[in-house]
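# Chain and residue survey
Residues per chain are reported as follows:
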Amino acid sequence: MSMIAGEPRRFGVAPSGARLTFETESHEPGPTPRRRLLVLDGEPAFQLSMWCGTCQFLFRRLEGADGTLSLDSVRERLAVGVSDLDEGILTAFGLLLPEGDYLPLLLRVVPRLVTPGQEGDYFSDEQVATWGPDQFWGLPEHPRTPYYRTFETVVNDEAHLYEFVVPMVPPLWNDQERVVEYVESMGRGTEPTAVAVSTLDRCEPAVSPHATDRYEHWGLTHFLLDGHHKLEAAAAARRPVRILSLLAMGESLSDCDDQRRLPALRERPHLTRGARPTR
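## Focus on helix α4 (residues 176–187)
Helix length check: α4, at 12 residues, gives a terminal C-alpha distance of 16 Å against a target of 16 Å (1.5 Å per residue), a fit within 8%. Residues V179, Y182, S185 and M186 constitute the buried set of α4. Taken end-on, α4 shows its buried residues confined to a sector of 125°, consistent with a single buried face. Exposed residues pointing more than 90 degrees away from the buried face of α4 are listed as E177 and G187. Packed against the buried residues of α4 are α1 (75–80), α5 (228–237) and β13 (241–248). Of the residues one or two after α4, G189 is the one with positive phi, at around 100°.

What follows is the structure, encoded as structure tokens:
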């Protein structure tokens, strides 16, 4: 199982009752663009890719990302792992989200923990090759959080899919005894399940003299609601973990047809940019 996708359906509650919302920042008229935000309990938690169409793909942790959204009612079921689109779990976490159309997903991943600026960092490597460094700061974009890379593949000759899992709080905050417990459980063959809300953003650069590899980036980002210890354990042990996610269709920088392609793209070989399938 690489990815199972259900049919799009309505989840969520009125924004005033949702713990997690998608918002566009408001400010006085001026040259500074408004930020696209993921908001936790009324506070900006992540800045997301801009609406401009030629801006870089982005997730950047902000001060409001200071807690997780685990639910005691489904903790045991998630600890042993689920093998299908569990309706009860989806409904329970859907009540934390704003009402909208969501695509239910179940993925199996082997995550790799990445520290910004170090080996494997998308923002220092693939993104700089396409957009160049930030033209004011002269530096790569910075997500301000460690994150997990899980999968990438070719979409077509002019586009590439990158998948990320982004914790709401950094692994440094995790209880290491719980991480060790999950490592031991995974060693016995358990594949626990994490829960996330996801976006699919398509970002294509304008012509730039700083680009050495110009193409469209498809960023599939899973923001963890539950499962921070599981992801760290899976990365440490190089073991698989499952992610049950609700893809926010109307809050993504992509259309329904793009989103419905994800299961087929996820079945393709894992390929880095420029690689070709082996025969």
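## Points about the sheet that holds strand β4 (residues 36–40)
Taking strand neighbours across the sheet as the criterion, the 4 strands line up as β3-β4-β5-β6 in an open arrangement whose pairing is antiparallel. Edge positions in the sheet fall to β3 (20–24) and β6 (59–61), since each of these pairs with one other strand and no more. Between one strand axis and the next, the sheet turns by 30° as a mean value, whatever way the strands run. Relative to strand β5 (residues 43–48), β4 runs antiparallel, the two being bridged by 4 bridges. Bridge pairing in β5 places V39 opposite P44.

## Overview of the pairing of strand β11 (residues 193–203)
With respect to burial, β11 is a largely interior element, 10 of its 11 residues being buried. Alignment of β11 against β13, held across 6 bridges, turns out to be parallel. In the strand pairing of β13, V195 is matched with L244. Summarising the sheet, β11 and strand β12 (residues 216–226) pair through 9 bridges and their orientation is antiparallel. Counterpart to L200 in the pairing with β12 is L220.

About the thresholds
- Residues numbered from 1 in each chain as written.
- Predicted model: local features only at pLDDT ≥ 70, side-chain atom pairs only at ≥ 80, totals over all residues.
- Heavy atoms only, no water.
- Helix = DSSP H or I, 4+ residues; strand = E, 2+ residues; numbered from the N terminus.
- Expected span 1.5 Å × (residues − 1).
- Buried < 20%, exposed > 50% of the residue type's maximum accessible area, 1.4 Å probe, protein only.
- Arc of directions from axis to C-beta.
- Contact = heavy atoms within 4.5 Å.
- Pairing = 2+ DSSP bridges.
- Axes fitted to C-alpha atoms, helices over the stretch in contact; angles between N-to-C directions.

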